[in-house]
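Commentary on secondary and tertiary structure
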Amino acid sequence: MKKITISILVILTIGIILFIAIKGKETDDIQIRTDIAPIYNHFPDLPATETIQWCSKTSSGIGLTTVWVYTFAFYDHDISAEFSEAEILDDPPDFYFLPENFAENHSNWRKLENMDAAFQSGIKDSKKMRTSVYLNETGNILYMEAIGD
């Protein structure tokens, strides 16, 4: 009986250590994508561009899955006229990733107001993602953080 109890405790201890090691492990392996079709499939009203860098992540565990999509869209002109209001930010957004050849303090950023389900007309309400949208000072880089189930 004593050997069985010790064996069970050893197995439980190893299991707990493995669970903590796996659960606590953060991944720095962000896969940056440049294909635009997935972004325009879900955000069809995003101002047209050919240059997008984006990545996504999903929650882990049992139950509902939450998806985060982080997108940088680059423009060869100022798109600020397409948006009515913006709040000037003292600090840039907390970027999840930075595109290649991009400095975090690239410029001042503005958070666009009333953009809760931005660029998603024609998408079923149950498929819409909550969004936060930022535009750089010169209006040629748009950064969007989207979250949905």
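Here goes a summary of the coordinates provided. (Residues numbered from 1 in each chain as written. Predicted model: local features only at pLDDT ≥ 70, side-chain atom pairs only at ≥ 80, totals over all residues. Heavy atoms only, no water.)

Moving on: the environment of Ser126. In this structure, Ser126 sits in the loop between β4 (109–112) and β5 (130–136). Each C-alpha atom, one on Ser126 and one on Asp149, is 8.7 Å from the other, the two residues being 23 residues apart in sequence. (Helix = DSSP H or I, 4+ residues; strand = E, 2+ residues; numbered from the N terminus.)

Let us look at the sheet that holds β5. The 6 strands are arranged β1-β2-β6-β5-β4-β3 in an open sheet whose pairing can be described as antiparallel. The sheet is open, and its two edges are formed by β1 (51–58) and β3 (86–88), each paired on a single side. Sheet twist, expressed as the average angle between the axes of neighbouring strands with direction ignored, equals 20°. (Pairing = 2+ DSSP bridges. Axes fitted to C-alpha atoms, helices over the stretch in contact; angles between N-to-C directions.)

Quick look at the packing of aromatic side chains now. If you walk through the whole model with that rule in mind, you get 9 aromatic pairs. Arranged with centres 4.3 Å apart and planes meeting at 20°, the rings of Tyr70 and Tyr96 form a pair that is stacked. Here the residue Tyr70 occupies a position in strand β2 (residues 67–74), and Tyr96 occupies one in the loop between β3 and β4, the gap between them amounting to 26 residues. Look at Tyr96 and you get partly exposed, because its relative accessible area is 27%. (Phe/Tyr/Trp six-rings, centres within 6.5 Å; stacked < 30°, edge-to-face > 60°. Buried < 20%, exposed > 50% of the residue type's maximum accessible area, 1.4 Å probe, protein only.)

If you look at the biggest cluster of nonpolar residues, it comprises 21 residues, and the most contacted ones within it are Phe43, Leu46, Phe83, Phe119, Val133 and Leu142. Breaking this core down by element, the ones donating at least two residues are α2 (37–42), β1, β2, β5 and β6 (141–148). No other element matches the 3 residues that β6 contributes to this core. Once residues within four sequence positions are removed from consideration, Val133 is found in contact with Arg110, Lys111, Leu112, Met115, Ala118, Phe119, Leu142, Tyr143 and Met144. Judged by nonpolar contacts, the second largest core, of 12 residues, contains Phe72, Leu89, Phe102 and Trp109. (Core = buried A, V, L, I, M, F, W, Y, C linked by side-chain atoms within 4.5 Å. Contact = heavy atoms within 4.5 Å.)

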